[in-house]
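Chain by chain, the residues:
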Amino acid sequence: MSAPTQRAVILGGNRIPFARSNKQYAKASNLDMLTSTIDGLVARFGLAGETIGEVAGGAVLKHSKDFNLTREAVLGSALSPTTPAYDIGQACATGLETVVSLTNKINAGQIESGIASGVDSASDAPIVVGDSLREILLELSRAKTLTQRMRIAAQIRPAYLAPQAPSTGEPRTGLSMGEHQAITTAAWGISREAQDELALASHQGLARAWDEGFFDDLVTPYLGVSRDTNLRADSSLESLAKLSPVFGKRLPEPATMTAGNSTPLTDGASSVLLGSEDWAAEHGFTPLARLVDAEAAAVDFVDGAEGLLMAPAYAVPRLLARNGLTFEDFDVFEIHEAFASTVLAHLAAWESEEFGREKLGLDGAFGSLDRTKLNPLGSSLAAGHPFAATGGRIIATTAKYLKLTGKKRSLVSICAAGGQGLTAIVEAA
Ligand SMILES: CC(=O)SCCNC(=O)CCNC(=O)[C@H](O)C(C)(C)COP(=O)(O)OP(=O)(O)OC[C@H]1O[C@@H](n2cnc3c(N)ncnc32)[C@H](O)[C@@H]1OP(=O)(O)O
């Protein structure tokens, strides 16, 4: 396989502070948040009125009226209305997939610039009605006469009015993400202490980054919020240890997953500016980094033989093998903390001789990464996880981190619903 052209560079990012759901952003829609985030990026880079090559975005929890969400956000933003936009959906990997998609288009010479974005609101989750009521309402919308409308409306029964509440459940198993992860946590023997330690490190890393002003040119205040509201700078192992388990209570093993070592339901949006090296130079923008390769994987989790969120354990070895790299070649590891135990299960799989031999086809374990390089600026446990916005948060954070520290290479890994995972290599430009 010939090496791809690497024209695309990451120029910067903008997000709104992430907020716990049903709090400060409870009345904001996905469209409001996405538009504001894109406008913040446009203002930061002086792009008002410009036509960008393409804007890609997405949301996991999406109202049917948002069928063209990203294009609508562009139309409401300060960008030129001649900027095309499209939506992508890959569950929690959506934000990273928008970066991969636009990077590939820039590398292929199809566009010169792009804005990758993502948004999610668990506060404004769509409520759907049951099939019986939906069919009647559709028929009603087609009725031509009052008599027809009355006949159709008379079919509505009180029981049909019960809405179907949104959930983080997997359609094929009926289990929530947390319940699935609890099975994986037990299978890999991940301790409560190790999960709480990771959660604490996440809060400490993010708090330090905020205090040092790292996010000053990556985050724009929104609706009176100027910092990620889930962040607990005063978090401690003692306070985390006091929390009662919320997932895995029906398993034979002791339940270990709490509100402290699981991501909270979160509202937020993020965006990343990408461009060809030439486009960046013409605009006087300094490249931070470039996404050099990406790899997706999926696992068959339905029969329970594989953990729902374990796909990155397969994608990362494939990605590194294709690029002739090992963990030693990386300066930073940005592994999305869906739950503390998700990250720990991935590390355990890579360190396992059995997993290496039986699942990866290697002679032994894949490898052990340097934990001091893991999520140095915190991750989703502290920042929160507005599903489709997490990829943009991670890419902008790690690109700036590489530039600021003079370090060379970052590994990005995001697990996603449906047994999927998307991983990428980001290198300093
Ligand atoms: C691919 C993927 O990413 S999959 C992941 C997808 N995401 C999910 O599935 C979301 C999972 N999370 C959830 O469902 C919810 O956030 C839950 C169930 C974990 C917790 O929900 P809630 O119980 O509503 O959380 P809540 O915010 O009330 O916190 C519970 C308690 O823990 C406390 N708490 C939470 N975090 C911490 C912390 N870091 N330190 C100390 N205490 C904490 C809260 O203060 C609260 O205490 P209180 O009851 O005394 O007020």
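Parameters at a glance
- Residues numbered from 1 in each chain as written.
- Predicted model: local features only at pLDDT ≥ 70, side-chain atom pairs only at ≥ 80, totals over all residues.
- Heavy atoms only, no water.
- 1 Å grid on protein atoms, 1.4 Å probe; cavity = no way out; pocket = protein on both sides within 12 Å on 5 of 7 lines; lining within 4 Å.
- Points joined across faces, edges and corners; volume = space filled by probe spheres on them.
- Helix = DSSP H or I, 4+ residues; strand = E, 2+ residues; numbered from the N terminus.
- Nonpolar A, V, L, I, M, F, W, Y, C, P; charged D, E, K, R; others polar.
- Polar contact = N/O pair within 3.5 Å; in protein donor to acceptor, adjacent residues only side chain to side chain.
- Contact = heavy atoms within 4.5 Å.
- Salt bridge = Lys/Arg side-chain N within 4 Å of Asp/Glu carboxyl O.

Naming follows an unreviewed UniProt entry, where the protein chain appears as Acetyl-CoA C-acetyltransferase of Brevibacterium metallidurans.

Undergrad: Describe empty space enclosed by the protein, and please don't skip the residues or the numbers.
TA: The final tally for this structure, using the stated rule, is one cavity of 30 Å³ or more. Estimates place the volume of the largest cavity at around 50 Å³. As for the largest cavity, its lining consists of G13, N14, R15, L218, S270, S271, G392, R393, A396 and T397. At four residues, helix α14 (residues 390-405) tops the list of elements feeding residues into the lining of the largest cavity. A breakdown of the residues in the lining of the largest cavity according to their chemical character gives two nonpolar, six polar and two charged.

Undergrad: Talk me through the side chain of N375; I want residue IDs and the actual numbers.
TA: Residue placement: N375 occurs in the loop between α12 (353-358) and α13 (380-383). Engagement of the side chain of N375 in a polar contact is seen with the backbone nitrogen of I335, the distance being 2.8 Å. Dropping the residues within four chain positions of it, N375 is found in contact with F333, E334, I335 and E337.

Undergrad: How would you sum up the pattern of salt bridges? Please name residues and give values.
TA: Think of it this way: side chains of opposite charge can pair up when their charged atoms draw near. Counting across every chain of the model gives 16 salt bridges. The closest approach of N and O atoms between K400 and D217, which form a salt bridge, is 2.7 Å. Of this pair, K400 sits in helix α14 while D217 sits in the loop between α7 (192-211) and α8 (237-241), and the two are 183 residues apart along the sequence. A salt bridge links D293 to R322, with the shortest nitrogen-to-oxygen separation between them at 2.9 Å. Taken together, the residues span a long stretch of sequence, with D293 in strand β9 (residues 289-298) and R322 in helix α10 (residues 312-322) at a distance of 29 residues. Salt bridges sharing common partners tie together D293, E295, R318 and R322.

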